[in-house]
Amino acid sequence: MSKVRTRFAPSPTGYMHIGNLRTALYAYLVAKHDNGDFILRIEDTDQAREVEGACDIIYSTLNACNLNYDEGPNKDGGVGPYIQSERVKAGIYKEYAWKLVELGGAHVCFCKSEDIEAQRELANARGESFLYHDPCKNLSKAEIQKRIDAGEPYVIRQTIDTFGSTSYTDEVYGTITVDNNTMDEQILLKSDGFPTYNFANVIDDHLMGITHVVRGNEYLSSTPKYNLMYDAFGWNQPKYIHCPPVMKNEHEKLSKRNGDASFQDLVAKGYLPQAILNYIALLGWSPETEQEIYSLDELCVAFNVQHIGTSGAIFDINKLTWMNGVYLRNMDLPTYETTIEPWLNQGVKNPNYDHHLIAEILHQRVNVLSEIPEMIDFFDTFPQFDTSLYTNKKMKSNPQMALPVLIKSKELLENLNEWDYDHLHDLFMDQVAQMGLKNGQVMFPVRVAISGKAFTPGGCMEIAHILGKKETLARLTRSIEQLETELNQ
RNA sequence: GGCUUGUUGGUGAAGUGGCUGAACACAUUGCCCUCUCAAGGCAACAUUCACGGGUUCGAAUCCCGUACAAGUCACCA
């Protein structure tokens, strides 16, 4: 059996949306599961839709996800070029289009697009389904040549017999049968000499030796048309792996046009590429075990086409968020620190605070990196806060009870010379014992008094440690004064 | 409208005729742990697999119909 070869064939029309990335992932996994080749082909035959810089987004996304291609632009494997516009220049499509004409699988058509469009609209208005019956099919060879020589614009259309039906077996959806009389004789080669997707995709997949075509299921019903071309050329049909759509909700597919979340958007929000990849692998595919966290390498091993589903899967940001948190928590501390560095810098600008210590209190508490700045903003700024924050039923704490605790803490802290976690810990435990209180009745108000927040990452020892003696005492002093003033009123 | 495909809980899903009185995970809710938050632990959460028929001793699993949804019917991919 020959080596498996799959391809990802995006159009450079903007950012990379999640459904697209998942298709790339599946194509990659299908190939790598069998030690095959993964090929990148840029489908830029629609010059009108091309977006500046879109190719770079494709390259950088695949790179960020470690979806490295074995062949593609700038990585020749002998069947290039891998950019369709360059293949147009090489005359590949024109050559094969004419070959197909000779083989009877296509014909030259001089019809004007406006005329066909008008007919189509008429049919639609009458509620009839429109199928173009091309009169050019009956043109003689001489007539065709004459009109071409006269400079008349033309396209090449697929020729389809209207009787019978065409079937194929999709690896995930099973047997698909389509009546030939419902198939449109689509344009293969446009009047500008560029191929349409319908044609380029067949030619390139064959010429590039693609064995498994992995793509979205929107092609499920047009695949028989492509197979007709393979047959006309006398080529072997590839295996087809059509993937179910990724949905935004019950009714809408995730799409670029809706401005839905792209890979870039998610990364900008603080989701990790590996977590995104892991999550989308599970959208439409399920493993045979209960394992949910997979590295790319593990996915290559575990992935199998049999477990790709057939119904659309709704993209659930909640689960991605959870999974992202798992990845973050599983990181070793040094890796974690470098990962969160930009976000940490955004939240804490004061250079006196130890980033390592801050990273430590954040480590097990963050799901999405964008949560970080707000979680740690109290280090830089200590705004006025409401003394009602001292009230906590569960902690058995309130402003009245907090005041003596804070005064005592301040007194003890002033005499503490070794300012580290262990000494702070001992100090507070001593205070708890001395005052005959519960841990929370001391630590809770102190934490509020030095952070100004009811919720913080880390506890009062960690925070005091990071803040340092001077700042901790300054904040404590201010909070005590505030409490005294308010309680005396 | 024609054609193609799909339909298990709020979400991803397991399930291929009896071991499912429907796994697992996310979310949600409650409890525990705990100085807060988070994490972690425990528990609850589909009398039922879109609906209606049929086949069978037995169906989420097979068949038919209905409904709903998505895709497609471009000189877009």
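Refer to the preceding data block for the structure.
A brief look at the structure comes next. (Residues numbered from 1 in each chain as written. Chains lettered and ligands numbered in written order. Predicted model: local features only at pLDDT ≥ 70, side-chain atom pairs only at ≥ 80, totals over all residues.)

### Notes on the overall build of chain A
- Within chain A, the secondary structure is distributed over 20 helices and eleven strands.
- On C-alpha atoms alone, chain A measures out to a radius of gyration of 32 Å, which is more than a quarter above the 23 Å that the 2.2 N^0.38 rule sets for 489 residues.
- Reported as C-alpha extents along the three principal axes, the dimensions of chain A are approximately 105 × 50 × 35 Å.
- Going through the 489 residues of chain A one by one, you find that 36% of them count as buried. (Helix = DSSP H or I, 4+ residues; strand = E, 2+ residues; numbered from the N terminus. Rg over C-alpha atoms; globule rule 2.2 N^0.38 Å. Buried ≥ 20, exposed ≤ 12 C-beta atoms within 10 Å, placed from the backbone.)

### Re the protein's contact with RNA strand B
- Lining the immediate surroundings of RNA strand B are 67 residues, of which Tyr197, Glu218, Ser311, Gly440 and Gly459 lie closest.
- The element that contributes the greatest number of residues to the surface near RNA strand B is helix α18 (residues 439-451), accounting for five residues.
- Here the residues of the surface near RNA strand B sort into 23 nonpolar, 27 polar and 17 charged. (Near = placed C-beta within 6 Å. Nonpolar A, V, L, I, M, F, W, Y, C, P; charged D, E, K, R; others polar.)

### Regarding the nonpolar core
- Core analysis: the biggest nonpolar cluster contains 50 residues, and Ala24, Leu25, Ala27, Tyr28, Ile276 and Ile280 have the highest contact counts within it.
- Looking at this core, the elements with two or more residues in it are α1 (18-33), β2 (37-40), α2 (54-64), β8 (212-216), β9 (239-243), α9 (263-269), α10 (273-281) and α12 (317-330).
- Per element, the largest residue contribution to this core is ten residues, and it comes from α1.
- Beyond its immediate stretch of four places on either side in the chain, Tyr28 contacts Phe38 and Leu67.
- Listed in part, the 39 residues of the second largest apolar core include Leu344, Val446, Ala449 and Leu467. (Core = buried A, V, L, I, M, F, W, Y, C linked by C-beta atoms within 7 Å. Contact = placed C-beta atoms within 7 Å.)

### A few points about α2
- All buried positions along α2 are accounted for by Ile58, Thr61 and Leu62. Within α2, the buried residues cover an arc of 95° as seen down the axis, which keeps them to one side. Away from its buried face by more than 90 degrees, α2 exposes Asp56 and Asn63.
- The inward-facing, buried residues of α2 contact α1, β2 and α9.
- Phi turns positive one or two residues past the end of α2, at Asn66, with a value near 65°. (Arc of directions from axis to C-beta.)

### Quick look at the packing of helix α17 (residues 421-435) against helix α19 (residues 460-467)
- Look at α17 against α19: their axes get within 9 Å of each other, and the N-to-C directions meet at 130°. If you check the angle between α17 and α19, you find them oblique. Two packed elements cross with a definite hand, and for α17 against α19 that hand is right-handed. Contacts between α17 and α19 involve Tyr421, Leu424, His425 and Phe428 from the first element and Met461, Glu462, Ala464 and His465 from the second.
- Looking at the contact of α17 with α19 residue by residue, the classes come out as five nonpolar, two polar and one charged. (Axes fitted to C-alpha atoms, helices over the stretch in contact; angles between N-to-C directions. Parallel < 35°, antiparallel > 145°, perpendicular 65-115°, else oblique. Left-handed = near helix turned anticlockwise from the far one by under 90°.)

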